[in-house]
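Next come the chains, spelled out residue by residue.
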Amino acid sequence: QVQLVESGGGLVQPGGSLRLSCAASGSIFRINAMGWYRQAPGKQRELVAAIIAGNSTNYLDSVKGRFTISRDYAKNAVYLQMNSLKPEDTAVYYCNVRLRRSIVAGYTDYWGQGTQVAVSS
């Protein structure tokens with residue numbers, strides 16, 4: 001079993017900041033990638049930011065320069081620091097982890113329960 005626990009969402013005014021956290025626990029052999037997706041009402045889920053083994057990062061164009069993803073290898077945790085938030089950042093944010101549960105297992109994607117981020121004045 002693998003569990004992902006997210007925290008850090010909330011309501012913030014435009015220009016404000018939030019920090020999302022996600023910790024993975026359970027039967028984990030190796031993590032390949034950790035990231036954050038978001039889904040706004042009526043829209044498809046989209047990749048916001050990801051950090052891949054070796055610390056390579058990818059960002060959605062609209063968040064570049066405002067959001068920063070980081071990872072704590074010891075804690076199997078990933079963070080998303082969100083600055084200069086805009087109303088269009090409003091969405092449910094989901095943590096995603098791609099991992100192997102054993103040396104013989106393939107990589108599988110796991111998802112957090114989602115945390116609401118609302119940006120409004």
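Notes on the structure follow. Sequence order sets the numbering: in each chain, residues are counted from 1 along the sequence as written. pLDDT decides what is reported in this predicted model: residues at 70 or higher carry local features, side-chain atom pairs at 80 or more are listed and counted, and totals for whole chains, interfaces and linings draw on all residues regardless. Calculated side-chain values reflect all of the structure's heavy atoms, with hydrogen atoms and water omitted.

Considerations on the state of the cysteines
Here, the word disulfide means a covalent bond between the sulfur atoms of two cysteines.
Next up, step 1: By convention in this document, the label disulfide applies to cysteine sulfur atom pairs within 2.5 Å. Summed over all chains, the structure comprises one disulfide.
Next up, step 2: Bridging C22 to C95, the disulfide has an S-S length of 2.1 Å. The disulfide joining C22 to C95 has a torsion of about -80° about its S-S bond and is therefore left-handed. A residue pair is termed long-range when its members are at least 10 positions apart, and C22 in strand β3 (residues 18-26) and C95 in strand β9 (residues 91-100) qualify at 73 residues.
Next up, step 3: Working definition: with a 1.4 Å probe on protein chains only, accessible area under 20% of the residue-type maximum means buried, over 50% means exposed, and in between means partly exposed. Residue classification places C22 among the buried positions, given a relative accessible area of 1%. Under the scheme used here, helices are H or I runs from DSSP no shorter than 4 residues and strands are E runs no shorter than 2 residues, and both carry numbers assigned from the N terminus.

A look at the sheet that holds strand β1 (residues 2-7)
Next up, step 1: DSSP bridges decide pairing: two strands pair if at least two such bridges lie between them. Strands sit in the order β1-β3-β8-β7 across an open sheet of four strands; the sheet is antiparallel. Unpaired on one side and paired on the other, β1 and β7 (67-72) mark the two borders of the sheet. For this sheet the average axis-to-axis angle between neighbouring strands, irrespective of direction, equals 15°. Axis lines are fitted through C-alpha atoms, for helices just across the contact stretch, and the angle between N-to-C directions can take any value from 0 to 180 degrees.

Side note on the packing of aromatic side chains
Next up, step 1: Paired rings are identified among Phe, Tyr and Trp, the last through its six-membered ring, by centres lying within 6.5 Å, and are further divided according to the angle between planes into stacked (under 30 degrees), edge-to-face (over 60) and tilted (the rest). Within the structure shown, the criterion is met by one aromatic pair.
Next up, step 2: Aromatic side chains Y37 and W111 sit 4.9 Å apart centroid to centroid with 65° between the ring planes, which places their arrangement in the edge-to-face category. Linking Y37 in strand β4 (residues 30-39) with W111 in strand β10 (residues 108-111), this pair joins segments that are 74 residues apart in sequence.
Next up, step 3: Only when the NZ of Lys or the CZ of Arg is both within 6 Å of the ring centre and within 35 degrees of the ring normal is a charge said to sit over the ring. When the ring centre of Y94 is taken as origin, the NZ or CZ atom of R45, which lies over that ring, is 3.8 Å away.
Next up, step 4: Over the ring of W111 we find R45, and its NZ or CZ is 4.8 Å from the ring centre.

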